[in-house]
There are 2 protein chains.
Amino acid sequence: MLTERQLEIVLSVVYEYIQTGEPAGSRTISKKYLRGSSAATIRNEMADLEEMGYFYQPHTSAGRLPTSKAYRLYVDSIMQRRRTAPAETEQWAKDIRERKVGVESILSYVSELLGKATNCVGMAALSALDEVEIQRINFVRLGGSAVLLLVVLDAGLVHHTNIQLPCDLSQDVLDDIARKISTVACGRPWSQVRGALATYVLSGLEDVWDTCREAVVQIDLLLNHKTSRLFVGGAQHILNLPDFQDIGKIQAVLSLLEQENSIADMVERYSINQGVSVTIGDENTEEEMKDCSLVLVPSAGYGRRTVLGLIGPQRMDYEKSIAILEAIAENLNDSLVQ
Amino acid sequence: MLTERQLEIVLSVVYEYIQTGEPAGSRTISKKYLRGSSAATIRNEMADLEEMGYFYQPHTSAGRLPTSKAYRLYVDSIMQRRRTAPAETEQWAKDIRERKVGVESILSYVSELLGKATNCVGMAALSALDEVEIQRINFVRLGGSAVLLLVVLDAGLVHHTNIQLPCDLSQDVLDDIARKISTVACGRPWSQVRGALATYVLSGLEDVWDTCREAVVQIDLLLNHKTSRLFVGGAQHILNLPDFQDIGKIQAVLSLLEQENSIADMVERYSINQGVSVTIGDENTEEEMKDCSLVLVPSAGYGRRTVLGLIGPQRMDYEKSIAILEAIAENLNDSLVQ
DNA sequence: CGTTAGCACTCTCCTCTAATGAGTGCCAAC
DNA sequence: GTTGGCACTCATTAGAGGAGAGTGCTAACG
């Protein structure tokens with residue numbers, strides 16, 4: 001639909017804008033990127049492309065700014081190229097390895113590292129917890145029918161929640177139930193256990209059936225969120241960017257970051273893709289994200305259940321960001337095995 | 001050292017500046033606060049007070065701005081007055097009560113609530129965990145000598161960390177050790193258990209002495225930080241304040257907030273006082289806080305081991321902030337008992 | 001001697017104006 | 001289809017002038 005030259009112009013304008021932060025004019029594009037065509041030619045093309053929805057002008061006598069549609073073209077073209085890992089990769093890998101062990105502390109560190117390296121907000125999430133091996137399940141009586149449900153997953157990941165059981169049981173009985181559930185559950189991911197457990201509970205634990213049933217429901221709730229553990233870091237770095245000089249934009253992002261659920265939803269929604277997923281400006285459903293982009297990369301780490309991501313301005317350096325994200329995601333593998 | 005009138009002037013200038021955000025001039029003070037004295041008189045006094053370090057001028061022909069020293073006087077005078085609980089107290093208490101149970105989720109909500117109500121950054125911290133009753137101690141074998149140490153405290157508070165034990169023990173042995181330690185520890189705070197446990201370990205568990213010793217050391221580490229659990233919320237609200245129009249200031253605060261340790265240190269340092277503790281501008285040791293104030297209030301909630309706090313501009317409405325902090329701190333009591 | 005009125009002075013802030021310059025749209029020529 | 005030329009638009013910047021707030025100082029008053 002676009003001619004070769006039109007495509008080149010779109011990509012050049014996006015690239016130029018990403019580099020300089022200024023609207024790109026026909027003269028600049030002609031001089032720096034399409035030396036074969038004169039400014040006037042570019043000008044005509046640009047007018048057409050604006051009509052087609054790739055550009056807009058902040059005011060009549062300014063250069064062109066790319067729309068989400070143009071960024072989309074740009075990102076798609078980047079994705080087809082090979083990316084070279086950034087030079088600092090080795091250093092980052094070392095930094096991560098030297099961190100104190102534990103999935104959570106590593107991911108928290110990684111999110112900050114991502115933020116610092118890209119000047120975006122870094123994110124690291126554990127997704128699909130029901131695919132991770134269960135190590136242990138415990139109930140701790142808190143008083144009355146309130147009980148603490150404690151699930152330890154592979155690699156020392158702890159999830160817990162306060163629940164209400166249908167009746168007040170002693171700690172001994174709770175321990176007994178936990179032991180029986182553990183017999184079935186331990187060493188297997190919840191997704192495999194769920195069905196088996198229902199049968200088992202029905203057959204072997206009739207006397208405390210209500211309690212067990214509720215316990216299973218609660219474990220299910222706890223592990224069934226696709227994204228159950230989210231680390232966000234390096235938020236202060238976006239303030240370095242000229243795109244976030246506007247207090248209103250900062251506030252939009254900050255308020256979004258405080259709603260952990262929204263972010264988790266986004267991660268869940270877009271991380272179903274196998275590879276890198278980039279959601280640009282308008283493509284986001286969240287109002288606060290209309291000026292921003294979201295980049296997500298599933299990581300090899302932790303049994304392929306980790307997602308790394310960035311939230312940054314629509315005008316982010318996608319090439320660099322994606323390269324960094326991929327490099328760190330790759331490295332996470334080794335660090336999280338331990 | 002200050003005459004009655006001088007004190008009145010200092011308090012008036014601080015009050016006026018907090019209300020309006022503008023430097024206060026002699027005329028304004030004379031008209032609004034000290035009707036008995038003329039502007040010229042106030043002017044003379046103000047020049048003296050400036051020399052004494054209570055005021056400064058942003059430029060020659062502007063009114064006076066209060067220094068930290070003046071704020072200190074103002075806050076001290078507030079602290080002597082009775083404060084009336086804000087009207088929204090009832091609503092807040094209800095909101096907190098309706099939240100899903102669990103210390104952590106409540107404190108997280110409270111920190112956001114504080115932020116929203118005061119336009120400052122809200123904080124809620126659990127301090128002195130070694131004073132909180134232990135409910136259960138567990139070790140979960142992660143592989144090799146890596147072990148997950150899990151401590152459940154009163155009210156469903158879970159603390160855990162990955163540790164390395166001196167040798168590789170089976171889960172059964174670990175469970176056995178955990179059971180023995182629990183016998184001594186459960187139902188008592190760690191501070192009371194620490195000594196007793198050392199003796200007990202020495203006498204009854206010779207065969208796994210090394211392991212037990214290490215375990216005790218690690219539990220000690222885990223619980224011995226005075227402030228071990230910190231929730232920060234509502235950061236986006238400070239952007240509403242005119243004091244934070246400067247991106248640099250926002251960045252200073254944000255970067256401070258990301259270093260959980262620094263905040264924990266501050267909370268620990270100042271929360272040893274019994275009552276409300278206010279640290280104003282220069283009085284802070286952290287460079288990033290020189291333009292900000294920190295207000296901390298120990299809460300009745302959770303066995304008096306909770307600290308609520310605010311980080312806001314030096315020019316915050318201390319009277320309102322402290323009243324809100326105290327009201328919520330008071331209410332937390334009921335909510336956290338459950 | 002403390003208090004007050006008066007006055008000159010300073011400095012910020014706002015508005016208005018003019019100049020600059022980047023970039024466009026369009027037209028006519030190649 | 002491409003290009004050079006030209007008029008036009010609009011944001012940005014700098015400078016000038018005036019208004020307003022507030023001070024410091026001085027001299028007079030009780």
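These figures come from a predicted structure and were not determined experimentally. (Residues numbered from 1 in each chain as written. Chains lettered and ligands numbered in written order. Predicted model: local features only at pLDDT ≥ 70, side-chain atom pairs only at ≥ 80, totals over all residues. Heavy atoms only, no water.)

With respect to the protein's contact with DNA strand C
The condition that has to hold: Residues are counted as near a molecule or strand when any one of their heavy atoms sits within 4 Å of it. Counted as a polar contact is a pair of N or O atoms within 3.5 Å, where, for protein atoms, one must be capable of donating a hydrogen and the other of accepting one, and residues adjacent in sequence contribute only when both atoms are in side chains. Under the DSSP-based scheme used, a helix requires at least four consecutive residues in state H or I and a strand at least two consecutive residues in state E, with every element numbered from the N terminus.
Around DNA strand C, 20 residues are found, and the nearest of them are Ser 26 of chain A together with Arg 5, Thr 41, Thr 60 and Ser 61 of chain B. Counting only the atoms of DNA strand C that lie within 4 Å of the protein, the sugar and phosphate share comes to 73%. The contact in question runs from a phosphate oxygen of DNA strand C to an N or O atom on the side chain of Ser 26 of chain A, over 2.7 Å. One of the side-chain nitrogen or oxygen atoms of Thr 41 of chain B is found 2.4 Å away from a phosphate oxygen of DNA strand C. Sort the elements by how many residues they give to the surface near DNA strand C and helix 3 (residues 39-51) of chain B lands first, with four residues.

What about the relation of the copies chain B and chain A?
Operational definition: Here the copies were fitted onto each other by least squares, based on C-alpha atoms from residues at pLDDT of at least 70 in both. Contacts are assigned to residue pairs that have any heavy atoms within 4.5 Å of one another.
Its rotation angle being 180°, the transformation that places chain B on chain A also includes 0.0 Å of axial translation and leaves an RMSD of 0.2 Å. On this basis, the relationship between the two copies can be described by a two-fold rotation axis. Relative to the rotation axis, the C-alpha of Ile 247 of chain B is the closest in chain B, positioned 4.0 Å from it. Take the interface residues of chain B: 95% of them recur as interface residues in chain A, which is what a same-surface contact looks like.

Looking at the domain arrangement of chain A
Basically, it comes down to this: An automatic or database domain assignment is the source of the domain bounds shown.
Taken as a whole, chain A is organised into domain 1 (4-80), domain 2 (89-128 + 227-337) and domain 3 (132-223). On a C-alpha basis, the centroid separation for the pair domain 1 of chain A and domain 3 of chain A is 58 Å.

Some words on the sheet that holds strand 4 (residues 134-143) of chain B
Residue and element names in this part refer to chain B. The line we're drawing: The criterion for strand pairing is that DSSP finds at least two bridges linking the strands in question. Here the axes come from fitting lines to C-alpha atoms, over the contacting stretch only for helices, and the angles between their N-to-C directions go from 0 to 180 degrees.
Strands sit in the order 4-5-6 across an open sheet of three strands; the sheet is antiparallel. Of all strands in the sheet, those with a lone pairing partner are strand 4 and strand 6 (157-164), marking the two edges. This sheet shows a mean twist of 20° between the axes of neighbouring strands, independent of strand direction. Looking at chain direction, strand 5 (residues 146-153) and strand 6 are connected through eight bridges and run antiparallel. Paired with Val 152 across the bridge in strand 6 is Val 158.

A word on the packing of aromatic side chains
All names here are of chain B. Rules: Centres within 6.5 Å make a pair out of two Phe, Tyr or Trp rings, where for Trp the six-membered ring is used; the pair is then stacked when the planes are under 30 degrees apart, edge-to-face when over 60, and tilted otherwise. A simple rule labels every residue: compare its accessible area, found with a 1.4 Å probe on the protein chains alone, to the largest value its type can have, and call it buried under 20%, exposed over 50%, or partly exposed in between. Note on geometry: a ring has a charge over it if NZ (lysine) or CZ (arginine) is within 6 Å of the ring centre and within 35 degrees of the ring normal.
The full count for this structure, using the stated rule, is four aromatic pairs over all chains. Judged by centre distance (6.1 Å) and plane angle (80°), the ring pair of Tyr 15 and Tyr 33 falls under edge-to-face. Residue Tyr 15 is located in helix 1 (residues 4-20), and its partner Tyr 33 is located in the loop between helix 2 (26-32) and helix 3; the two are separated by 18 residues in the primary sequence. The exposure class assigned to Tyr 15 is partly exposed, which follows from its relative accessible area of 33%. Owing to a relative accessible area of 25%, Tyr 33 belongs among the partly exposed residues under this scheme. The ring of Tyr 54 carries the charged tip of Lys 69 above its face, separated from the ring centre by 4.7 Å.

Some remarks on the interface of chain B and chain A
The following threshold applies: Buried area: the accessible area, evaluated with a 1.4 Å probe, that two parts lose upon being put together, summed over both parts. Here a salt bridge means any side-chain nitrogen of Lys or Arg lying within 4 Å of a carboxyl oxygen belonging to Asp or Glu.
Of the residues lining the interface, 37 residues belong to chain B; the matching set on chain A comes to 36 residues. Summing both partners gives a buried area of about 3,100 Å² for chain B against chain A, and 57% of it is carried by carbon and sulfur. Along the contact surface separating chain B from chain A lie two salt bridges. Two residues, Arg 136 of chain B and Asp 175 of chain A, come together in a salt bridge whose shortest N-O distance is 2.6 Å. Connecting chain B to chain A are 10 residue pairs in polar contact (both at pLDDT 80 or more).

Some details on the protein's contact with DNA strand D
Let me state the cut-off plainly: Think of it as three bins: nonpolar holds Ala, Val, Leu, Ile, Met, Phe, Trp, Tyr, Cys and Pro, charged holds Asp, Glu, Lys and Arg, and polar takes everything else, Gly as well.
Around DNA strand D, the surrounding shell holds 20 residues, and the nearest of these are Arg 5, Thr 41, Thr 60 and Ser 61 of chain A together with Ser 26 of chain B. For DNA strand D, the fraction of protein-proximal atoms (within 4 Å) that sit in sugar or phosphate groups is 75%. Considering only residue class, the surface near DNA strand D consists of two nonpolar, 14 polar and four charged.

Let's talk about the pattern of salt bridges
Residue and element names in this part refer to chain A. In the structure shown here, the tally under the stated rule is 32 salt bridges over all chains. The partner of Arg 194 in a salt bridge is Asp 130, and the shortest N-O contact between them spans 3.1 Å. Taken together, the residues Arg 194 in helix 8 (residues 190-204) and Asp 130 in the loop between strand 3 (121-127) and strand 4 (134-143) connect sequence positions 64 residues apart. Using a relative accessible area of 27% as the deciding quantity, one classes Arg 194 as partly exposed. You can call Asp 130 buried: its relative accessible area is 13%.

Some words on the environment of Leu 308 of chain A
All names here are of chain A. Its place among the elements puts Leu 308 in strand 10 (residues 306-313). It is 6.9 Å that separates the C-alpha atoms of Leu 308 and Leu 325, two residues lying 17 residues apart in sequence. With sequence-adjacent residues up to four places away left out, Leu 308 is seen in contact with Val 110, Leu 114, Met 123, Ala 124, Val 295, Leu 296, Val 297, Ser 299, Leu 325, Ile 328, Ala 329 and Leu 332.

Things to note about the nonpolar core
Keep this limit in mind: Within this scheme, the nonpolar core is defined by two criteria: the residues are buried Ala, Val, Leu, Ile, Met, Phe, Trp, Tyr or Cys, and they are joined through side-chain atoms within 4.5 Å.
Judged by nonpolar contacts, the single largest core of 79 residues is most densely connected at Ile 137, Phe 139, Val 151, Leu 308, Tyr 318 and Ile 328 of chain B. Here this core gets eight residues from one element, more than from any other, and that element is helix 6 (residues 103-118) of chain B. Other than its neighbours up to four places away in sequence, Val 151 of chain B contacts Ile 134, Arg 136, Ile 137, Leu 157, Val 158, His 159, Ile 219, Leu 222 and Leu 223 of chain B. One finds Val 75, Leu 114, Leu 197 and Met 316 of chain A within the second-largest nonpolar core, a separate group that totals 78 residues.

Comments concerning the environment of Gly 144 of chain B
Residue and element names in this part refer to chain B. In this fold, Gly 144 is placed in the loop between strand 4 and strand 5. With relative accessibility at 34%, the residue Gly 144 sits in the partly exposed group. Considered as a pair, Gly 144 and Ser 170 are 26 residues apart in the sequence and their alpha carbons are 9.4 Å apart.

A few points about the state of the cysteines
Basically, it comes down to this: The disulfide definition used here is simple: a pair of cysteine sulfur atoms within 2.5 Å.
Following the criterion strictly, the structure yields zero disulfides over all chains and no others. Of the cysteine sulfurs around Cys 212 of chain A, a residue in no disulfide, the closest is that of Cys 167 of chain A, at 9.9 Å.

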